[in-house]
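# Examining the three-dimensional arrangement
Letter by letter, the chains look like this.
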Amino acid sequence: MKRIRKFVCAVVTAAMMFSMCACGSDNSSTTAASGGAATEAPAPSGKTIKVGVVNNPPSESGYREANVKDMEAVFSKDNGYELKTAYSLKNDEQLQAAQGFITEGVDYLLISAAETTGWDEVLKKAKEAGIKVYLFDRMIDVSEDLYEAAVVSDMAKEGDTAVQWLLDQNLPEYKVVHIQGAMGSDAQIGRTGALDKQFESGKMTKVVQQTATWDEAEAKKIVESVINSGEDFNVIYAENDGMAKGAVAALDEAGITHGVDGKVIVMGFDCNKWALRELLAKKWNYDGQCSPFQAKIISDLIKSGNAPSSKKIINEEKGFDAKTITQEDIDTYGLGE
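Keep in mind that this is a model prediction, so the values were computed, not measured.

## Concerning the pairing of strand β6 (residues 175-180)
- The buried count for β6 comes to five of six residues, which makes it a mostly enclosed element.
- One ladder, built from six bridges, connects β6 with strand β7 (residues 205-211); its direction is parallel. By the bridge assignment, Val-177 is partnered in β7 with Val-208.
- Since β6 and β7 lie parallel, the crossover through helix α6 (residues 186-201) that links them has a hand, and here it is right-handed.
- With four bridges joining them, β6 and strand β8 (residues 235-238) adopt parallel strand pairing. Within β8, the residue paired with Val-176 across the bridge is Val-235.

## Some details on the sheet that holds β8
- Taken together, the six strands give an open sheet; going across it, the order is β7-β6-β8-β9-β10-β12, and neighbouring strands pair in mixed fashion. Each edge of the open sheet carries a strand with a single partner, namely β7 and β12 (319-321). Across the sheet, the axes of successive neighbouring strands diverge by a mean angle of 15 degrees, strand direction being ignored.
- Helix α5 (residues 155-167) rests against β8, β9 (265-270), β10 (286-289) and β12 of the sheet, and its axis sits at about 160 degrees to β9.

## So, the pairing of strand β4 (residues 132-137)
- With five of six residues buried, β4 lies mostly within the body of the structure.
- Taken together, the four bridges between strand β3 (residues 108-111) and β4 define a ladder with parallel strand orientation. Note on β4: the bridge partner recorded for Tyr-108 is Lys-132.
- With four bridges joining them, β4 and strand β5 (residues 149-153) adopt parallel strand pairing. Bridge pairing links Leu-135 to Ala-150 in β5.

## Points about the environment of Leu-109
- Locating Leu-109 in the fold gives a position in strand β3.
- Remark: the alpha-carbon pair of Leu-109 and Val-53, spanning 56 residues in sequence, is separated by 6.0 Å.
- Excluding residues that lie within four positions of it along the chain, Leu-109 makes contacts with Gly-52, Val-54, Ala-98, Phe-101, Ile-102, Ile-131, Lys-132, Val-133 and Tyr-134.

## Observations regarding the state of the cysteines
- What the rule picks out here adds up to zero disulfides.
- Free of any disulfide, Cys-271 has its nearest neighbouring cysteine sulfur in Cys-290, separated by 8.9 Å.

## Remarks on the nonpolar core
- Counting 40 residues, the largest nonpolar core has Val-177, Ile-179, Val-223, Phe-233, Ile-236 and Leu-251 as the members making the most contacts within it.
- Taken together, the elements giving at least two residues each to this core come down to β6, β7, α7 (216-229), β8, α8 (241-254), α9 (273-280) and α11 (327-333).
- Per-element tally for this core: the top contributor is α8, with six residues.
- When residues no more than four places from it in sequence are discounted, the contact partners of Ile-179 are Gln-210, Ala-212, Ala-219, Ile-222, Val-223, Ile-236, Tyr-237, Ala-238, Glu-239, Met-243 and Ala-247.
- The next biggest cluster of nonpolar side chains, apart from the first, holds 25 residues, and it includes Phe-101, Leu-109, Val-122 and Val-152.

## What about the packing of aromatic side chains?
- By the definition in use, this model includes six aromatic pairs.
- Taking the centre distance of 5.6 Å and the plane angle of 70 degrees together, the rings of Tyr-237 and Phe-269 count as edge-to-face. Taken together, the residues span a long stretch of sequence, with Tyr-237 in strand β8 and Phe-269 in strand β9 at a distance of 32 residues. In terms of burial, Tyr-237 and Phe-269 fall into one category: buried.
- The interplanar angle of 85 degrees and the centroid separation of 5.8 Å between the aromatic rings of Trp-274 and Trp-284 together place this pair among those described as edge-to-face. Within this pair, whereas Trp-274 is found in helix α9, its partner Trp-284 is found in the loop between α9 and β10, the two being separated by ten residues in sequence.
- A cation sits over an aromatic face here: Lys-245 above Trp-274, 5.0 Å from the ring centre.

## Some remarks on helix α10 (residues 295-304)
- Burial within α10 is extensive, with eight of its ten residues counted as buried.
- When we look at burial in α10, the residues that qualify are Ala-295, Lys-296, Ile-297, Ile-298, Ser-299, Leu-301, Ile-302 and Lys-303.
- Looking one or two places after α10, you find Gly-305, whose phi comes out positive at around 75 degrees.

Procedures and definitions
- Residues numbered from 1 in each chain as written.
- Predicted model: local features only at pLDDT ≥ 70, side-chain atom pairs only at ≥ 80, totals over all residues.
- Heavy atoms only, no water.
- Buried < 20%, exposed > 50% of the residue type's maximum accessible area, 1.4 Å probe, protein only.
- Helix = DSSP H or I, 4+ residues; strand = E, 2+ residues; numbered from the N terminus.
- Pairing = 2+ DSSP bridges.
- Right-handed = clockwise from strand over helix to strand, strands pointing away.
- Axes fitted to C-alpha atoms, helices over the stretch in contact; angles between N-to-C directions.
- Contact = heavy atoms within 4.5 Å.
- Disulfide = S-S within 2.5 Å.
- Core = buried A, V, L, I, M, F, W, Y, C linked by side-chain atoms within 4.5 Å.
- Phe/Tyr/Trp six-rings, centres within 6.5 Å; stacked < 30°, edge-to-face > 60°.
- Lys NZ or Arg CZ within 6 Å of the ring centre and 35° of its normal.

What follows is the structure in structure tokens.
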């Protein structure tokens, strides 16, 4: 138990390095938008609410940075909360952190899991301790009675929307370099599923399918390897913007054209502003939206004291096409600067 406490202290100390403020959603079915720091009603009866957040690190992506900022802005001292945070891309470390928060006696435990499996025992312990659990950003494979609600993106729909857009391009052939996110995460499973169906049907050819674990540099290496092999391809389907950026860097170094009227179609996810600007410049072709703003929805549920009407609360999202995107779209839906 001492080891668990030491681990949680370490991750909490690391998390304090990030000074943040951000925007929140204003209802249970929301579209990501830019805005100011969230404001909240005070905690009931002046009681400070202790919240433990287990999340992926902000360095993972622009999406995650926005998500972390949103959590820290909403679950702030001014809004009546005592916030404890733990960040890791490793499921076992997240599980240890969650157990540590249970031992410390938080009132609420919020989880964006690195992997969909392995959470049953920890969530059962939270329930036994009277700690209410909310999932955010990603689903996990546990019984619904172990959490209050899940405020998430529909990752499978994100994949379906992106792949349907790709099919609508009516290419004579589809030779796809598929760069996956962290294996076993809800985002990876959802965004991979729709493409796998096309590979299985024979409508698209899988040139390579490999994880870069959300990392830009690893994605660049994957595409460099394909280029060096001499194998032909005309689509890069990267499961986040950072990996798409790395892939494009490899194309540029090899002198391979991309984007609208280029040889290679480039697809990403998350809708960082810098990525949407690549669409506007027609250097990329498609970017799928993934809203990082779940904190205010959860806070409203906590402070209302009422059970949510649905266990699963979905953020509404869309995809953007380089041929139709506008500056207004970037200003409204883009993440970061």
